[in-house]
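# Notes for the structure review
So you can see what is in the structure, the chains are spelled out below.
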Amino acid sequence: SSNPLGICLRLITIENAGAVNIIYGSANGLSATDTTVPASQILRQRPGPPTVEAHFGTALAAGDFNGDGFSDLAVATPGDIDSQGARVGSVRVFYGSSTGLSVLQSQTFHASDFPLDGTELFGTRLTFPESMSLVWGDFDGNTVGDLVIEAGNGLVILLFGIRNELLSVANR
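What you are looking at is a predicted structure, and each value in this text was computed from that prediction instead of being measured. (Residues numbered from 1 in each chain as written. Predicted model: local features only at pLDDT ≥ 70, side-chain atom pairs only at ≥ 80, totals over all residues. Heavy atoms only, no water.)

## Topic: the overall build of the protein chain
Along the backbone of the protein chain there are 0 helices and 11 strands. Reading the protein chain from its N terminus to its C terminus gives the helix and strand order β-β-β-β-β-β-β-β-β-β-β. Taking all 172 residues of the protein chain together, the buried fraction comes to 39%. Contacts spanning at least 24 positions in sequence make up 45% of the contacts within the protein chain whose residues lie at least 6 apart. (Helix = DSSP H or I, 4+ residues; strand = E, 2+ residues; numbered from the N terminus. Buried < 20%, exposed > 50% of the residue type's maximum accessible area, 1.4 Å probe, protein only. Contact = heavy atoms within 4.5 Å.)

Here's what the structure looks like:
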């Protein structure tokens, strides 16, 4: 078939990269066409090309991690690669607003971001397991959601949510 605009269209599939489709709900249920709720979104691992075998979306945890009254979403990517080129896994947190989840207002935590200094695992490299899980809850009773990340080998990482602040490796 001809292409009058001269645009080359190709479908590129990245094996097991993953994606999360967000459809917002209202009192009338889920809707991809309801104009009273934000438009549906497809979230991906990161801007630019995704990582093969990243498995973005393996686990999800939704809740308000910064106390602003909007739901946020944590997405597990057990096959993500850190800045050193190591496949250690990550969790990306998308923060919510009245217009939906923000790709620009998001954070990525790689397993290698969490130091093991002062633990019996000092000197080992932390990696998130392929079957990792995420849990939202208010574990410290401050009415702001906290995030639990399964780190494998019976380990969990707890990031405490603080009102009007983003999650932080320091808040654990």
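Alright, that's what it looks like, and here's the rest.
## Here we look at the sheet that holds strand 10 (residues 146-152)
Pairing within the open sheet is antiparallel, and its 3 strands lie in the order 9-10-11. Edge strands, defined here as strands with exactly one partner in the open sheet, are strand 9 (134-137) and strand 11 (155-159). Within this sheet the neighbouring strands show an average axis-to-axis angle of 25°, counted without direction. Where strand 10 lies against strand 11, 5 bridges are found, and the strand directions are antiparallel. From the neighbouring strand, Ile149 faces strand 11, where its bridge partner is Ile157. (Pairing = 2+ DSSP bridges. Axes fitted to C-alpha atoms, helices over the stretch in contact; angles between N-to-C directions.)

## Regarding the layout of surface pockets
Sizing a probe to match a water molecule and rolling it over the atoms shows the empty space that remains. Its boundaries defined by the atoms lining it, the largest pocket holds a volume of some 240 Å³. Lining the largest pocket are 14 residues; nearest its centre among them are Tyr24, Phe70, Ser71, Asp72 and Leu101. At the level of secondary structure, the elements contributing two or more residues to the lining of the largest pocket comprise strand 6 (72-77), strand 7 (90-97) and strand 8 (100-110). Considering only residue class, the lining of the largest pocket consists of 8 nonpolar, 5 polar and 1 charged. (1 Å grid on protein atoms, 1.4 Å probe; cavity = no way out; pocket = protein on both sides within 12 Å on 5 of 7 lines; lining within 4 Å. Points joined across faces, edges and corners; volume = space filled by probe spheres on them. Nonpolar A, V, L, I, M, F, W, Y, C, P; charged D, E, K, R; others polar.)

## Describing the confidence of the model for the protein chain
Per-chain confidence: the protein chain averages 81 in pLDDT, with 84% of residues scoring 70 or above. Predicted confidence in the protein chain is weakest over strand 2 (residues 25-26), with a mean pLDDT of 76, and strongest over strand 9, with 95. In the predicted structure, residues 1-12 sits below a pLDDT of 50 and forms 1 contact with residues beyond four places in sequence or in another chain. (pLDDT = per-residue confidence, 0-100.)

## Considerations on the sheet that holds strand 5 (residues 60-63)
The 4 strands lie next to each other as 5-6-7-8, forming an open sheet whose pairing is antiparallel. Every interior strand has two partners, whereas the edge strands, strand 5 and strand 8, have only one. Each neighbouring strand pair of the sheet contributes to a mean axis angle of 20°, computed without reference to strand direction. One ladder, built from 5 bridges, connects strand 6 with strand 7; its direction is antiparallel. If you follow Ala76 over to strand 7, its bridge partner there is Val91.

## Observations concerning the pairing of strand 6
Of all 6 residues that make up strand 6, 6 are buried, and the element is covered over most of its length. Neither face of strand 6 is left uncovered, since the one carrying Asp72, Ala74 and Ala76 and the one carrying Leu73, Val75 and Thr77 both have all their residues buried. Looking at chain direction, strand 5 and strand 6 are connected through 4 bridges and run antiparallel. Note that in strand 6 the partner of Ala62 across the bridge is Leu73.

## As for unusual backbone geometry
One non-glycine residue with positive phi stands out, namely His55, at about 60°. By the element assignment, His55 lies in the loop between strand 4 (41-43) and strand 5. Given the relative accessible area of 31%, His55 is considered partly exposed. Of note in this structure, Thr143 is not a glycine but carries a positive phi near 70°. Among the structural elements, Thr143 can be located in the loop between strand 9 and strand 10.

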